[in-house]
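Results of the structural survey
What follows is each chain in one-letter form.
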Amino acid sequence: MTILLPDLPYAPDGLAPHISERTISFHYGKHHASYVRAVNNGIADTPDEGRALDDLVCSLPAGGLFNAAAQTWNHNFYWQSMSPGGGGEPSGDLAAALEASFGGVDAFRADFAAGAVGNFASGWGWLVFDAAAAGAGSLRIVQTDDAQTPLTDGLTPLLVIDVWEHAYYLDYQNARPAYVDAFVEHLINWEFASASYSAALNTRSG
Ligand code: MN3
């Protein structure tokens, strides 16, 4: 089995004007694709060939192959975290959990944006579900550096924003806060986050 570069869930210009087709062409077509190639090159003719991507991420030792696998997984998740016509308001169980954990959706948006803007690294800003925590502690905002991912801490990602400069420099140059605001206000795919949350709740209760 080969690790595949998933199709984008929308047209390359589907996130414009917030993220341009030009950014997507480099970010998906060059950066993401090169991580996928690096994973496949690294596992070829080894015992890791044929293993699922999330298994690789959770078991590889620190190093270049882990970085390629985790960056592949993180980017797969990033594209799904956004949608054309995204933003707006979550509903159902996820909205209730955001209320319990952050005091409301507006407070979540503010905390999520502040975390992503404040991440000093080339890294990632996450909303995660911690199945081991109860009630108000179950949803958390987490920052990771480089290729690090909450998967390796047993947390369930619900949303992610890429804050490596390649994610926004062509469109926003150094203005990371403007990119983060656009993500939070116009791009978040709440249906995807809700589906991930529901699946995690079902896994816990099952
Ligand atoms: Mn990236």
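Cut-offs used in this document
- Residues numbered from 1 in each chain as written.
- Predicted model: local features only at pLDDT ≥ 70, side-chain atom pairs only at ≥ 80, totals over all residues.
- Heavy atoms only, no water.
- Helix = DSSP H or I, 4+ residues; strand = E, 2+ residues; numbered from the N terminus.
- Donors = N, O, S within 2.8 Å, 3.2 Å for Na, K, Ca; no water.
- Buried < 20%, exposed > 50% of the residue type's maximum accessible area, 1.4 Å probe, protein only.
- Domains from an automatic or database assignment.
- Contact = heavy atoms within 4.5 Å.
- Buried area = accessible area lost by both parts, 1.4 Å probe.
- Salt bridge = Lys/Arg side-chain N within 4 Å of Asp/Glu carboxyl O.
- Polar contact = N/O pair within 3.5 Å; in protein donor to acceptor, adjacent residues only side chain to side chain.
- Nonpolar A, V, L, I, M, F, W, Y, C, P; charged D, E, K, R; others polar.
- Pairing = 2+ DSSP bridges.
- Core = buried A, V, L, I, M, F, W, Y, C linked by side-chain atoms within 4.5 Å.

In this section: the environment of Ala114. Inspection of the secondary structure puts Ala114 in helix H5 (residues 105–118). The spatial distance from the C-alpha of Ala114 to the C-alpha of Gly125 is 9.7 Å, given a sequence separation of 11 residues.

Those donors, His27 (NE2), His75 (NE2), Asp162 (OD) and His166 (NE2), are the protein atoms that reach the manganese ion, and they lie 2.0 to 2.2 Å from it. All donors to the manganese ion come from one chain, and their sequence spacing reads H-x47-H-x86-D-x3-H. Residue His75 is found in helix H3 (residues 64–80), and its partner His166 is found in the loop between strand E3 (156–162) and helix H6 (169–172); the two are separated by 91 residues along the sequence. With relative accessibility at 0%, the residue His75 sits in the buried group.

Another aspect to go through is the domain arrangement of the protein chain. Looking at the protein chain, the domain boundaries give domain 1 (21–80) and domain 2 (92–205). Tallying the contact residues gives 19 residues for domain 1 and 24 residues for domain 2. Roughly 1800 Å² of surface becomes buried between domain 1 and domain 2 when both sides are summed, with 68% attributable to carbon and sulfur atoms. Per-residue buried area on domain 1 facing domain 2 is highest for Thr23, Phe77 and Tyr78; these three make up 34% of the total on that side. Joining domain 1 to domain 2, the criterion identifies 0 salt bridges. Here domain 1 is connected to domain 2 by 10 residue pairs in polar contact (both at pLDDT 80 or more). With 10 residues, the top contributor of residues to the side of domain 1 that touches domain 2 is H3. Looking at the side of domain 1 that touches domain 2 residue by residue, the classes come out as 9 nonpolar, 8 polar and 2 charged.

With that settled, consider the pairing of strand E1 (residues 123–129). In terms of burial, E1 is largely enclosed, as 7 of its 7 residues are buried. Residues Gly123, Gly125, Leu127 and Phe129 point to one face of E1 and Trp124, Trp126 and Val128 to the other, with burial holding for every one of them. As judged from the 7 bridges shared by E1 and strand E2 (residues 139–145), these two strands associate in the antiparallel manner. Opposite Trp126, over in E2, you have Val142 as the bridge partner. Relative to E3, E1 runs antiparallel, the two sharing 6 bridges. The residue bridging Val128 from the neighbouring strand is Pro157, located in E3.

The next thing to look at is the nonpolar core. Grouped together as the largest cluster of nonpolar side chains are 62 residues, with contacts concentrated most on Tyr78, Leu139 and Tyr179. Here this core takes 8 residues from H3, the largest share from any one element. Viewed by domain, this core spans two of them, domain 1 (21–80) and domain 2 (92–205), each represented by three or more residues. Those residues within four positions of Leu139 in sequence are excluded, and the remaining contacts are Leu94, Ala97, Leu98, Ser101, Phe102, Leu127, Val128, Phe129, Leu158 and Tyr197.

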